[in-house]
Amino acid sequence: MSLTAGIVGLPNVGKSTLFNAITKAGAYAANFPFATIEPNVGVVEVHDERLDKIVEIVKPRSIVPTSFSFTDIAGLVKGASHGEGLGNQFLSHIRDVDAICQVVRCFDSNTIIHVSGKVDPIDDIETVNLELILADLEVVEKRIPKIEKKAMMKVDKESVKEYDILKKLQEGFLNNVPARLIPLTDEEKLFIKNYQFLTMKPMLYVANVSEDDIVTGNAYVEKVREYATQTNSKVVVVSAKIEEELSTLSKEDKEMFLEDLGLKKSGLENLILEAYSLLGLCTFFTAGEKECRAWTFKRGMKAPECAGVIHSDFEKGFIKAETYSYDDLITYGTPQKVKEAGKVRLEGKDYVVQDGDIMLFRFNI
């Protein structure tokens, strides 16, 4: 399942430093050609301790962790929705991402000049959010006149429904409310899904602090947390400088470095975990002597859909899924002992896959 989070932020907030750390830490980095600018896509392996344990028990010939993509979105400056900087070019790139990670400057520096002359994370957040709202407002205000006449005549139910939803969104946008905070039913959200409204995407604030504040945080971070709480968003604290340094270290040196800092996980690991949570993502595993592998799926997906994550033929010809939990594997010690304990289940088409399930799909094409 290919999902990506777009990294946005104003100039000089540490966005590029963080993205460089991500691409160095990742399995590979690729350039995706878009129009006149080329956003970079960094693909990062997602470390999962459960996969490590499964590998210890099963001893496969091959190990494949799951991965997560971060896209560096260039061109977002104040006035971008009206053509400033790279203008609307950034919009086409950000519409393709599943979630937005907004890097916010939470550090002082005499050498790195802030674009507005002072460090004010809330002002930065509101500047970026306003650009996203204005971009969505433009989409709505272009569409409304095209369907207004038909909706007013009430001859087309679909047009009436679309018009009513867009008017509701327009009112919200004019009051600086993002689409995700405008009260809409699940049916209404589904109806406008193809619009790919930027402010409908889940938002994660990445508070970039100095090396000295990575453990304790600072007053800037507290302001971001307060703001995020009011808008039902989450905050991850990172030091882009530390992440850049960590990306050059071996696994052992990295662990020692984090321990010296008093940290259990790197900022990048916390960022991935929060992005997973934000998007409602989970992991199931396949485990055999040939290969142990982690697979990403969306919470609520049923067994045939998860089979399709591996290959479309698995979903088309799905019969049953031989399933047991990671916890049972740890309890009993081996897949064979799990089976002997009667903990292996044959699940059908209606089974909702759980995080940590270990699965073998039976299918027939």
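Remember, predicted model here, so these are calculated numbers, not experimental data. (Residues numbered from 1 in each chain as written. Predicted model: local features only at pLDDT ≥ 70, side-chain atom pairs only at ≥ 80, totals over all residues. Heavy atoms only, no water.)

Caption draft 1: Spotlight on the overall build of the protein. Of regular secondary structure, the protein possesses 14 helices and 13 strands. Taking all 365 residues of the protein together, 47% fall into the buried category. Within the protein, contacts between residues separated by at least 24 positions form 69% of all contacts whose residues are at least 6 apart in sequence. On the protein, roughly 18900 Å² of surface is accessible, and the fraction owed to carbon and sulfur atoms is 49%. (Helix = DSSP H or I, 4+ residues; strand = E, 2+ residues; numbered from the N terminus. Buried < 20%, exposed > 50% of the residue type's maximum accessible area, 1.4 Å probe, protein only. Contact = heavy atoms within 4.5 Å. Areas by Shrake-Rupley, 256 points an atom, 1.4 Å probe, with all protein chains shown as cover.)

Caption draft 2: Representation of empty space enclosed by the protein. On inspection of all chains with the given rule, the structure shows 1 cavity of 30 Å³ or more. In this structure, the largest cavity occupies an estimated 30 Å³ of space. Classifying every residue of the lining of the largest cavity by side-chain character gives 5 nonpolar, 3 polar and 2 charged. (1 Å grid on protein atoms, 1.4 Å probe; cavity = no way out; pocket = protein on both sides within 12 Å on 5 of 7 lines; lining within 4 Å. Points joined across faces, edges and corners; volume = space filled by probe spheres on them. Nonpolar A, V, L, I, M, F, W, Y, C, P; charged D, E, K, R; others polar.)

Caption draft 3: Geometry of helix H2 (residues 49-58). Residues Arg50, Leu51, Ile54, Val55 and Val58 constitute the buried set of H2. Here the buried residues of H2 occupy an arc of 140° about the axis, which is enough to place them on one side. Exposed and facing more than 90 degrees away from the buried side of H2 are Glu49 and Glu56. Here H2 starts with a cap whose side-chain oxygen sits 2.9 Å from the backbone nitrogen of Arg50, and that cap is Asp48. Two residues or fewer past H2, Lys59 is found with a positive phi of approximately 55°. (Arc of directions from axis to C-beta. Polar contact = N/O pair within 3.5 Å; in protein donor to acceptor, adjacent residues only side chain to side chain.)

Bear in mind that shape data such as this cannot, by itself, settle questions of function.
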